[in-house]
Amino acid sequence: MVDFGRVQKELQDCNKDINVSGISVNPKFDNLINLIGTIPGPVATPYEGGTFKIDIDLPDAYPFEPPRMKFATKVWHPNISSQSGAICLDILKDQWSPALTLKTALLSIQALLSAPEPDDPQDAVVAQQYLKDYQTFASTARYWTESFAKTSSLGVEDKVQKLVEMGFPEGMVRSTLEVVGGDENLALEKLCSG
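A brief look at the structure comes next. Owing to the predicted nature of the structure, the values given are computational and were not obtained by experimental measurement. (Residues numbered from 1 in each chain as written. Predicted model: local features only at pLDDT ≥ 70, side-chain atom pairs only at ≥ 80, totals over all residues. Heavy atoms only, no water.)

Right, let's get into the packing of helix 7 (residues 170-179) against helix 8 (residues 184-192). The geometry of helix 7 relative to helix 8 is characterised by a closest axis approach of 9 Å and an angle of 125° between their N-to-C directions. Considering the angle they form, helix 7 stands oblique to helix 8. Between helix 7 and helix 8 lies a crossing whose hand is right-handed. Note on element contacts: helix 8 touches helix 7 through Glu184, Ala187, Lys190 and Leu191, opposite Met172, Val173, Thr176, Leu177 and Val179. Of the residues in the contact of helix 7 with helix 8, the class split is 6 nonpolar, 1 polar and 2 charged. (Axes fitted to C-alpha atoms, helices over the stretch in contact; angles between N-to-C directions. Helix = DSSP H or I, 4+ residues; strand = E, 2+ residues; numbered from the N terminus. Parallel < 35°, antiparallel > 145°, perpendicular 65-115°, else oblique. Left-handed = near helix turned anticlockwise from the far one by under 90°. Contact = heavy atoms within 4.5 Å. Nonpolar A, V, L, I, M, F, W, Y, C, P; charged D, E, K, R; others polar.)

Structure, rendered in structure tokens:
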């Protein structure tokens, strides 16, 4: 049985420093089993400036079994399937420990974006390109980041300002807007429902 008290604490811990880390985790629906994580693309990589969403499903035995994570945002990377978003990372498989948290898993995924392991690929085509033609790999990864991981910031600050003026905390407003894809009305509905 999932330890919901622990999950709730992990969500609070993760989201309290979102302005520093850029990492957040929020419920995808009205439960604590299906979550959506968000990580910023690491600086000085082809993923810089992107915001990547990761689907997180918690198994019944969490935290004694690893969370099931996959990229919801399309990403061009040797250790991430360009088709399904599946992630090849040891801590999401046999190296998981109950001492790890959702945030440490997301930090590890972010680190994987910075340091691909093409010799242990999830996507063989991307890995071959990374090894044989790095410039084309980097250009493609940048293009995918621009196409799939960047949203227009035009109007976002206006939406944040309007919802903050209604009395909602700024951090909560930003994370809610992120979860609902920038839809101001859905964000207001979610904020009002608690």
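Once the structure has been displayed, the description carries forward.
Bridge count between strand 1 (residues 24-27) and strand 2 (residues 34-40): 4 bridges; the pairing is antiparallel. Bridge assignment links Ser24 to a residue of strand 2, and that residue is Thr38. From the end of strand 1 to the start of strand 2, which pair antiparallel, there are 6 residues. (Pairing = 2+ DSSP bridges.)

Evaluated as defined, the whole model comprises 8 salt bridges. In this structure, Lys103 engages Asp17 in a salt bridge whose closest nitrogen and oxygen atoms are separated by 2.7 Å. Here Lys103 is found in helix 3 (residues 102-114), whereas its partner Asp17 is found in the loop between helix 1 (4-16) and helix 2 (18-21), with 86 residues between them in sequence. Owing to a relative accessible area of 25%, Asp17 belongs among the partly exposed residues under this scheme. Measuring nitrogen to oxygen at the nearest pair gives 2.9 Å for the salt bridge that ties Glu157 to Arg174. Taken together, the residues span a long stretch of sequence, with Glu157 in helix 6 (residues 156-165) and Arg174 in helix 7 at a distance of 17 residues. (Salt bridge = Lys/Arg side-chain N within 4 Å of Asp/Glu carboxyl O. Buried < 20%, exposed > 50% of the residue type's maximum accessible area, 1.4 Å probe, protein only.)

Turning to the sheet that holds strand 1, a few remarks are in order. Here we have 4 strands laid out as an open sheet, ordered 1-2-3-4, and antiparallel in their pairing. On the outer flanks of this sheet lie strand 1 and strand 4 (68-71), each paired with one strand and no other. Neighbour-to-neighbour, the strand axes of the sheet open up by a mean angle of 25°, direction not taken into account. Looking at chain direction, strand 3 (residues 51-57) and strand 4 are connected through 4 bridges and run antiparallel. By the bridge assignment for strand 4, Ile54 is matched with Phe71. Across the sheet, helix 3 lies against strand 1, strand 2, strand 3 and strand 4, angled at about 45° from strand 2, the strand it touches most. The strands touched by helix 7 within the sheet are strand 1, strand 2 and strand 3, with strand 1 carrying the most contacts at an inclination of about 65°.

To continue, consider the packing of aromatic side chains. All chains considered together, the criterion is met by 8 aromatic pairs. With a centroid separation of 6.1 Å and 75° between ring planes, the pair formed by Tyr47 and Phe52 is classed as edge-to-face. Looking at Phe52, the relative accessible area reads 0%, which means it is buried. Geometrically, the ring pair formed by Phe52 and Phe71 is edge-to-face, given 6.2 Å between the ring centres and 80° between the ring planes. Linking Phe52 in strand 3 with Phe71 in strand 4, this pair joins segments that are 19 residues apart in sequence. On the accessibility criterion, Phe71 (4% relative accessible area) is buried. Across from the ring centre of Phe148, 5.9 Å away, lies the NZ or CZ of Lys74, which sits over that ring. (Phe/Tyr/Trp six-rings, centres within 6.5 Å; stacked < 30°, edge-to-face > 60°. Lys NZ or Arg CZ within 6 Å of the ring centre and 35° of its normal.)

Once that is clear, we can look at the layout of surface pockets. In this structure, the second largest pocket occupies an estimated 410 Å³ of space. Along its surface, the second largest pocket is lined by 16 residues, and Thr176, Lys190, Leu191, Ser193 and Gly194 are the ones closest to its centre. Mapped by element, the contributors of at least two residues to the lining of the second largest pocket are strand 1, helix 7 and helix 8. The class makeup of the residues in the lining of the second largest pocket is 7 nonpolar, 6 polar and 3 charged. Residues lining the lining of the second largest pocket come from more than one domain, with at least three contributed by each of domain 1 (4-149) and domain 2 (153-193). (1 Å grid on protein atoms, 1.4 Å probe; cavity = no way out; pocket = protein on both sides within 12 Å on 5 of 7 lines; lining within 4 Å. Points joined across faces, edges and corners; volume = space filled by probe spheres on them. Domains from an automatic or database assignment.)

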